[in-house]
2 protein chains.
Amino acid sequence: MNAPLTLRDIARQAGVSLATVDRVLHNRPGVRPDTVRRVKDAMARSAFQPHAAASELARARSRRFAFVMPSGGNPFMQQIQAHLGELANWMAARRLSVDVLATDVFDAAVLAERLEDLVGRVDGVAVVALDHPSVRAAINDLVESGTKVVTLVSDVPSSRRHHYVGIDNIAAGRTAGALVGRFAGGRTGRVAIMAGSQSLRDHAERIFGFSQVMAAEFRQFEVLPVAEGHDEDDRSENLMRKLLAEHRDIVGLYNVGAGTAGVAKALTESGRAGETVFVGHDVTALTRKLLLSGVMDAAISQNPGHEARSAVRVLLALARGEALLSEQETIRIDIVMRDNLP
Amino acid sequence: MNAPLTLRDIARQAGVSLATVDRVLHNRPGVRPDTVRRVKDAMARSAFQPHAAASELARARSRRFAFVMPSGGNPFMQQIQAHLGELANWMAARRLSVDVLATDVFDAAVLAERLEDLVGRVDGVAVVALDHPSVRAAINDLVESGTKVVTLVSDVPSSRRHHYVGIDNIAAGRTAGALVGRFAGGRTGRVAIMAGSQSLRDHAERIFGFSQVMAAEFRQFEVLPVAEGHDEDDRSENLMRKLLAEHRDIVGLYNVGAGTAGVAKALTESGRAGETVFVGHDVTALTRKLLLSGVMDAAISQNPGHEARSAVRVLLALARGEALLSEQETIRIDIVMRDNLP
DNA sequence: CTGTTAGCGCTTTCAT
DNA sequence: ATGAAAGCGCTAACAG
């Protein structure tokens, strides 16, 4: 068995010095094209892979990442932060640190300013982004300055962010639609949609996907106009109560965002929890309870632990200039029912 | 900002040498208890974390893992192997190599012998295991000899394997039951189960979970006796054809293992594909097609890429004596429908 | 029991 | 344009 090769071996094979091989390896300038080829040939011939640990050690640089996340008590965001905390040792062993910056991400100006502040101060930024021109500009400024940027949970596709860590929300909405439609079985009646706000990109996309499926595959249901509960429990509860009172034939309910506690309360108190199909998002302490008790039938979810780790891994790989394992960094749309609760 | 600490800093603080700190760090013998305390204090006081890359480099050892996988064309197993292939560069950069050993894992004697052969020859083994006394003994021998062992997809819980990479098959079966039951809506009739063999631990567990849910929540269906298609397409097709002919009121079908092509063929040719709820396992080229065409309604799946990476990561962490990120290594039970196909 | 020292393989000045 | 040499932080002999 051949002992693993080192840069030194390549250097010998190519008849050059260590430093030159290193230059070629990293496409650094100042090497004669002819030499470049000799070195590249040598590397190719022996399928050379630089030793990751050695290179990591030699740079011996610590890196600082910032996570810009919504202020307020959104449980899903808190889960991401908790998982970030669990990574602390892993990151420390790699000389990484992350700061979580709680910000009013729904105010474009505030968010953009927060991001601009970070220019030149960190190696990477993960941001739960509002899709707005000034936010886009701030992201582009960061990228321009050499900072690596990933959007988290909510994307700004038109920006120059390096990567998006999150799910395809249209597909998530379609999945919710398929579940509501199929779980409602042979019945007919109305289907209600409760969202935070239709002007949130992710909510709008989910609603779009949901409606698509309802229109294409489940014509027997009449989809009610979207109610906007602003992700608040009280507001959602009131709206839901009203909807239920107004329409006695609601057979399905899709809760697009947060405010789940309110929706569940209204549904339960109406006495129709058992017979109404209820699909929502995310696995939290609350939705877990609702799934177990049968009030909720399924939760569409993106794994917060995966998102936290993926964001860190991607930022690190980008900072080091390493390749991503793209399949590993794809966030999947999880369907969670009582029986496959994680 | 405090520059990251090194072993040297700890040594200075504790008033000992580098080597002593290293001994304490790794709980190596030959250090006076009192000294141990001093060093540990120093490390705790400054929340010291050794630099992973440095330690990795200093050992500069390459490691060899073996994956013992079923011979034959099981597509799910082939996917795991393909994902291992995608890890090649990642592993090379860490001086890891894996050999995939195709073996008749359904023959306990052959499998056990294969495992015994590996004693002392590799640093880690991932094995798709048959739960049988001689296999258990072989696994224990490997563990005894210092080889790290993980079971993959199919567990031998009574062995001393270090870790199991796979899903909870009882929960998977329950999930399948819930889907069949709910998708079959208000109807009544019979439900068929096609398995590879009831003596395979994972199949038995899935059937158990499935039956549990049917009995507890969906009494309106009569579950037929389990048919055993040996994971072969032809055999499964014939059995399925017979079942469908015999029972005109089959409303649901759970395919526990492979042989999906045969089952689907029989179902399609019976002309009852549309009206029969069909739930199976794993996302392959075939099940993907069946989901899209509506023949299959859902696939319960364990992510083969995740399993491949997890097995490698766990073996590596075990070999290095590092901690696992347990949440990251939990393989989830994915529910895949047409709309959330990965 | 404890300390000294020579690397691990790569990166990075600083010379040439 | 290229090379020589000094580390990065930890591990593992080998001395004491």
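An unreviewed UniProt entry lists chain A under the name Putative transcriptional regulatory protein, LacI family, from Bradyrhizobium oligotrophicum S58.

Colleague: Which residues make up the protein's contact with DNA strand D, and what values go with them?
Modeller: Taken together, 24 residues sit near DNA strand D, with S17, R23 and T35 of chain A together with L7 and D22 of chain B positioned nearest. In the environment of DNA strand D, a base oxygen lies 2.5 Å from a nitrogen or oxygen atom belonging to the side chain of R23 of chain A. Here A58 of chain A contributes a backbone N or O atom positioned 3.3 Å from a base oxygen of DNA strand D. For the surface near DNA strand D, the secondary-structure elements that each account for two or more residues are α2 (18-25) and α4 (52-59) of chain A together with α2 (18-25) and α4 (52-59) of chain B. Tallied by class, the residues present in the surface near DNA strand D amount to 12 nonpolar, eight polar and four charged.

Colleague: Can you lay out the packing of aromatic side chains for me, pointing to particular residues and giving the numbers?
Modeller: For the structure shown, the criterion picks out five aromatic pairs over all chains. Ring centres of F183 of chain A and F183 of chain B lie 5.7 Å apart, and the angle between their planes is 45°; on these two criteria the pair is classed as tilted. Remark: F183 of chain B occurs in helix α9 (residues 169-183) and F183 of chain A occurs in helix α9 (residues 169-183); the pair is interchain, linking two chains. Taken as a pair, F183 of chain A and F183 of chain B share a single burial class, namely buried.

Colleague: Could you give an account of the protein's contact with DNA strand C, with specific residues and numbers?
Modeller: Around DNA strand C, the surrounding shell holds 25 residues, and the nearest of these are L7, D22 and H26 of chain A together with R23 and R32 of chain B. Across the atoms of DNA strand C situated within 4 Å of the protein, the share located in sugar and phosphate is 66%. The contact in question runs from a base oxygen of DNA strand C to an N or O atom on the backbone of A58 of chain B, over 3.2 Å. If you tally residues by element for the surface near DNA strand C, the top one is α4 of chain A, at four residues. When the residues that make up the surface near DNA strand C are grouped by side-chain class, the tally is 12 nonpolar, eight polar and five charged.

Colleague: Give a description of the UniProt feature "domain: HTH lacI-type" (unreviewed entry) in chain A that names residues and reports values.
Modeller: In this numbering, the UniProt entry assigns the feature "domain: HTH lacI-type" (unreviewed entry) to residues 5-59 of chain A. Here residues 5-59 of chain A is 67% helix and 0% strand, with 20 Å between the C-alpha atoms at its ends.

Colleague: I'd like a rundown of the side chain of H203 of chain A, residues and numbers included.
Modeller: Relative to the assigned elements, H203 of chain A resides in helix α10 (residues 201-217). H203 of chain A sits in the buried class, given a relative accessible area of 4%.

Colleague: Explain the domain arrangement of chain A to me, and be specific about the residues and the numbers.
Modeller: Taken domain by domain, chain A comprises domain 1 (7-46), domain 2 (60-165 + 304-331) and domain 3 (169-301). Domain 1 of chain A and domain 3 of chain A are separated by 60 Å when their C-alpha centres are compared.

Colleague: How would you summarise the relation of the copies chain B and chain A if you had to cite specific residues and measurements?
Modeller: Here chain B sits on chain A after a turn of 180° about the axis and a move of 0.0 Å along it, with an RMSD of 0.2 Å. Look at the turn and shift together and you get a two-fold axis relating the two. Looking at chain B, 100% of its interface residues are interface residues in chain A too, so the copies touch through the same face.

Colleague: So what's going on with the packing of helix α12 (residues 260-269) of chain A against helix α13 (residues 285-293) of chain A? Residues and values would help.
Modeller: Each packed pair of helices is defined by two parameters, the angle between the axes and the distance between the axes. Residue and element names in this part refer to chain A. In contact at an axis separation of 10 Å, α12 and α13 are set at 25° when each is read in the N-to-C sense. With respect to their mutual orientation, α12 and α13 come out roughly parallel. Here α12 and α13 pass one another in a crossing that is left-handed. Within the contact between the two elements, α12 uses T260, A261 and A264 and α13 uses L286, T287 and L290. Split by residue class, the contact of α12 with α13 holds four nonpolar, two polar and no charged.

Colleague: Can you lay out the interface of chain B and chain A for me, pointing to particular residues and giving the numbers?
Modeller: Taken together, the contacts link 51 residues of chain B with 51 residues of chain A. Carbon and sulfur atoms make up 52% of the surface buried where chain B meets chain A, a total of about 4,500 Å² over both sides. Inspection of the region where chain B meets chain A yields 10 salt bridges. Counting every contact that joins chain B to chain A gives 16 residue pairs in polar contact (both at pLDDT 80 or more).

Colleague: Any details on helix α3 (residues 33-45) of chain B? Residues and values, ideally.
Modeller: All names here are of chain B. Given a rise of 1.5 Å per residue, 13 residues ought to cover 18 Å, and the 18 Å separating the end C-alpha atoms of α3 matches this to within 8%. Every buried residue of α3 is listed here: T35, V39, A42 and M43. Buried residues in α3, looked at end-on, bunch into an arc of 100°, giving them a common side. Exposed side chains of α3 directed beyond 90 degrees from the buried face belong to P33, R37, A44 and R45. On its buried face, α3 sits against α1 (7-14) and α2. Immediately downstream of α3, the backbone of A47 shows phi near 45°, a positive value.

Cut-offs and rules
The residue numbers shown here count from 1 along each chain, following its written sequence. Chains and ligands are labelled sequentially in the order written, the chains with letters from A and the ligands with numbers from 1. Reporting of local features is limited, given that this is a predicted model, to residues whose pLDDT is at least 70; pairs of side-chain atoms are given and counted only at 80 or more, and all residues count toward the totals for whole chains, interfaces and linings. Derived side-chain values reflect all non-hydrogen atoms in the structure, with water molecules and hydrogen atoms excluded from consideration. We call a residue near a molecule or strand whenever a single non-hydrogen atom of that residue lies within 4 Å of it. What qualifies as a polar contact is a pair of N or O atoms within 3.5 Å, subject to a donor-acceptor requirement within protein and to the restriction that residues adjacent in sequence count only when both atoms come from side chains. A run of H or I in DSSP counts as a helix once it spans at least four residues, and a run of E counts as a strand once it spans at least two, with each numbered from the N terminus. Classes in brief: Ala, Val, Leu, Ile, Met, Phe, Trp, Tyr, Cys and Pro nonpolar; Asp, Glu, Lys and Arg charged; the others, Gly included, polar. Stacked, edge-to-face and tilted are the three classes for Phe, Tyr and Trp ring pairs, Trp counted by its six-membered ring, which pair at centre distances within 6.5 Å; planes under 30 degrees apart are stacked, over 60 edge-to-face, the rest tilted. With a 1.4 Å probe rolled over the protein chains alone, any residue whose accessible area is under 20% of its type maximum counts as buried; one over 50% counts as exposed, and the rest are partly exposed. UniProt positions are given in the numbering used here, feature names are shortened, and annotations may be inferred rather than shown by experiment. Domain borders in the structure are assigned automatically or taken from a domain database. Superposing copies: least-squares fit, C-alpha atoms only, residues required to have pLDDT of at least 70 in both. What makes two residues a contact is simply this: any of their non-hydrogen atoms within 4.5 Å. Axis lines are fitted to C-alpha atoms, over the contacting stretch for helices. Their N-to-C directions set the angle, which ranges from 0 to 180 degrees. Should an angle fall under 35 degrees it is taken as roughly parallel, and over 145 as roughly antiparallel, whereas 65 to 115 is taken as roughly perpendicular and any remaining angle as oblique. By convention the crossing between two helices is left-handed if the near helix lies anticlockwise of the far one by an angle smaller than a right angle, and right-handed if it lies clockwise. Once two parts are brought into contact, the accessible area they lose, counted with a 1.4 Å probe and summed over both, makes up the buried area. For this analysis, a salt bridge means a side-chain nitrogen from Lys or Arg found within 4 Å of a carboxyl oxygen belonging to Asp or Glu. A helix is expected to span 1.5 Å multiplied by its residue count minus one. The arc in question is formed by the directions pointing from the helix axis toward the C-beta atoms.

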